[in-house]
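Coordinate analysis (summary)
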Amino acid sequence: YIPKENAQVYEYLTRLLSRLDKNKKVGVLVVDDSRVSRQSMTALLRRHNFITFEAASAEQGMESLRSHSNIRLAIIDENIPVMSGIQMISELRKTYSKEDLGIIGISSDTTSGLSARFIKSGATDYLYKPYCHEEFFCRIMQNVERLENIATIRRVSNSDYLTGLPNRRHFFTRVAANLKVTPKSQSLAIIDIDHFKKVNDTYGHDCGDYTLKELAKLVAEYFTDYTAARFGGEEFCVYFSNTAPEKVLQIMEGFRKAIANKVLTFEKQSLSCTVSIGLTHKSRGGINAMIRLADQHLYIAKNNGRNQLVD
Ligand code: GH3
Ligand code: MG
Ligand code: MG
Ligand code: MG
């Protein structure tokens, strides 16, 4: 129960509760050879709802990271057997970037400039023993929030604000990654809404936005197994790899018909629209060459009367 009378207290407690709720998904690994030290940290972490993992050595810690993908943060003691904490951090950074894993180095040795060496080896923070509980949590929360901010930036920069679909940037990154593994076959389709300007002119810009969002939903549903994005304005694109050209053609024709048969309702008005599609399977010259070809095919589809696909 949160008392509503004091608005400031209410806001603070609500924020705290939502924080505790989010922590339930965050795994924290504690690497320390001293069981007492480990357990005092995990007990504190669990009090704030974190999922905790313990390791007594670098090797155990690495194994734990490999088998638990929910670990976002590792607290690593400098003084552990075989490999030092600093060596372990350097080793981990070969696999886990600072964007994916926060690392807090911890030590009771305050004399040797260890904090600088922690940071240089790839730690995102450090903490000296003995620590007070408040500082412990400040360090933890700062790291967790930094990772959340990175996740938000990633999500926002890869999705289209209006429709929520992946955007052009995401599309190019995904396709470039796929090109590295040299797929056997590739196809690219550009979908352009016919006379979309008329939708805006006749029903208003809000209706235009609504139409784009509804079509984007269909794009997302229809192409879940492929890479689809809002390419810009009223255009969408889909990339297929290792899919037979005949199958791609069939899928795209199916999509064109589904749009033509779809009736949308906006403020009690019914409307429908059609799309023209330019498709290509020729991948010599990379993605940009494919886009050029698909665009040429789209242009032909428009000139031939729209609501059709040109391959
Ligand atoms: P065509 O069949 O030749 O493609 O005709 P068109 O009207 O669809 O093409 P044109 O390129 O002339 O116009 C595209 C229109 O799309 C113009 C622009 O206002 C509209 N548009 C682009 N992005 C958005 C958006 O985010 N929201 C809305 N409401 N309209 C948009
Ligand atoms: Mg130790
Ligand atoms: Mg267009
Ligand atoms: Mg158009």
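Coordinates for the structure precede this section.
Reading the values: rules and limits
For every chain, the first residue of its written sequence is number 1, and the numbers climb from 1 along that sequence. Each chain is given a letter, starting from A, and each ligand a number, starting from 1, according to the order in which they appear as written. A pLDDT threshold of at least 70 governs which residues receive local features in this predicted model, and a stricter bar of 80 or more applies before side-chain atom pairs are shown or counted, although totals over entire chains, interfaces and linings include all residues. Under the DSSP-based scheme used, a helix requires at least four consecutive residues in state H or I and a strand at least two consecutive residues in state E, with every element numbered from the N terminus. Note that the radius of gyration is over C-alpha atoms, with the globule rule given as 2.2 Å times the number of residues to the power 0.38. Partly exposed residues are those falling between the two cut-offs: more than 12 but fewer than 20 other C-beta atoms within 10 Å of their own, whereas 20 or more means buried and 12 or fewer means exposed, with C-beta atoms placed from the backbone. Contact criterion: two residues are in contact if their C-beta atoms, reconstructed from the backbone, are within 7 Å. Put simply, a nonpolar core is buried Ala, Val, Leu, Ile, Met, Phe, Trp, Tyr and Cys residues tied into one set by C-beta atoms within 7 Å. Whether a residue is near a molecule or strand depends on its C-beta atom, placed from the backbone, lying within 6 Å of it. Gly is put with the polar residues, along with every residue not named as nonpolar or charged; the nonpolar set is Ala, Val, Leu, Ile, Met, Phe, Trp, Tyr, Cys and Pro, and the charged set is Asp, Glu, Lys and Arg. A fitted line through C-alpha atoms represents every axis, and for helices the fit uses only the stretch in contact; the resulting angles, taken between N-to-C directions, go from 0 to 180 degrees. Orientation labels follow simple angle bins: below 35 degrees gives roughly parallel, above 145 gives roughly antiparallel, 65 to 115 gives roughly perpendicular, and whatever is left gives oblique. Crossings are assigned a handedness: left-handed for a near helix turned anticlockwise from the far helix by less than a right angle, right-handed for a clockwise turn. Two strands form a pair only when DSSP identifies at least two bridges running between them. Expected helix span is computed as 1.5 Å times (number of residues minus one).

**A look at the overall build of the chain**
Helix and strand counts for the chain come out as 11 helices and 12 strands. What you see for the chain is a C-alpha radius of gyration of 27 Å, clearly larger than the 19 Å of a compact globule of 311 residues, by over 25%. Taken over the C-alpha atoms alone, the chain extends approximately 80 × 60 × 30 Å along its principal axes. Looking at the chain as a whole, 32% of its 311 residues qualify as buried. Counting only contacts in the chain whose residues sit at least 6 apart along the sequence, the fraction spanning at least 24 positions is 61%.

**Side note on the nonpolar core**
Ala189, Ala228, Cys237, Val238, Met252, Ile277 and Ala294 are the most contacted members of the largest nonpolar core, which totals 34 residues. Setting aside chain neighbours within four positions, we find Ala228 in contact with Leu165, Pro166, Val219, Ala220, Phe223, Phe236 and Val238. Counting residues in hydrophobic clusters, the runner-up holds 32 residues, among them Val28, Leu29, Val30 and Ala74.

**What to know about the site of ligand 1**
Not every one of the 16 residues close to ligand 1 is listed here, only the nearest: Asp194, Phe196, Lys197, Gly208 and Gly233. Elements supplying a minimum of two residues to the shell around ligand 1: strand E6 (186-193), helix H8 (196-203) and helix H9 (205-222). Looking at which element gives the most residues to the shell around ligand 1, the answer is H9, with 4 residues. For the shell around ligand 1, the class distribution of residues is 4 nonpolar, 5 polar and 7 charged.

**Details of the packing of helix H4 (residues 85-92) against helix H5 (residues 114-121)**
Closest axis-to-axis distance for the H4/H5 pair is 8 Å, and the angle between their directions is 20 degrees. In this view, H4 runs roughly parallel relative to H5, as classed from their interaxial angle. Seen from above, H4 lies across H5 with right-handed handedness. Between H4, through Ile86, Ile89 and Ser90, and H5, the contact on the second element is made entirely by Arg117, Phe118 and Ser121.

**Quick notes on the sheet that holds strand E7 (residues 227-232)**
Within the open sheet, the 5 strands sit side by side as E7-E8-E6-E11-E12. Their pairing is mixed. Each of the sheet's edge strands pairs with one partner strand only, and the pair in question is E7 and strand E12 (309-310). Examined bridge by bridge, E6 and strand E11 (residues 275-280) share 6 bridges and lie antiparallel to one another. Paired with Ile190 across the strands is Gly278, a residue of E11. Helix-sheet contacts for helix H7 (residues 168-180) involve E7 and strand E8 (235-241), and the interaxial angle to E7 is about 140 degrees.

**Focus: the sheet that holds strand E4 (residues 102-107)**
Across the sheet, 5 strands lie side by side as E2-E1-E3-E4-E5; this open sheet has parallel pairing. Both edges of this open sheet fall to strand E2 (51-55) and strand E5 (125-128), since each of them pairs with a single strand only. With strand direction ignored, the average angle separating the axes of adjacent strands in the sheet is 20 degrees. Relative to E5, E4 runs parallel, the two being bridged by 4 bridges. Paired with Gly105 across the bridge in E5 is Tyr126.

**Focus: the environment of Ile191**
You can see Ile191 is positioned in strand E6. Judged by the 26 C-beta atoms lying within 10 Å of it, Ile191 is buried. Taking C-alpha positions, Ile191 is 9.9 Å from Val219, a pair spaced 28 residues apart along the chain. Discounting chain neighbours no more than four positions away, the residues touching Ile191 are Glu235, Phe236, Val275 and Ile277.

**A look at helix H1 (residues 7-23)**
With 17 residues, H1 extends 24 Å between its outermost C-alpha atoms, agreeing within 8% with the 24 Å of an ideal straight helix rising 1.5 Å per residue. In terms of burial, H1 is a largely surface element, 0 of the 17 residues being buried.

**What to know about the environment of Glu148**
Among the structural elements, Glu148 can be located in helix H6 (residues 133-158). A count of 13 C-beta atoms within 10 Å places Glu148 in the partly exposed class. For the pair Glu148 and Asp100, spaced 48 residues apart in the sequence, the C-alpha separation amounts to 9.8 Å.

**What about the packing of H8 against H9?**
A pair of packed helices is captured by two measures, namely the crossing angle of their axes and the spacing between those axes. Where H8 meets H9, the closest approach of the two axes is 6 Å, and the angle between their N-to-C directions is 135 degrees. Relative to H9, H8 is oriented oblique. Contact with H8, carried on its side by Phe196, Val199, Asn200 and Tyr203, involves His205, Cys207, Gly208 and Thr211 of H9 and no other residues of that element. Of the residues in the contact of H8 with H9, the class split is 4 nonpolar, 4 polar and no charged.

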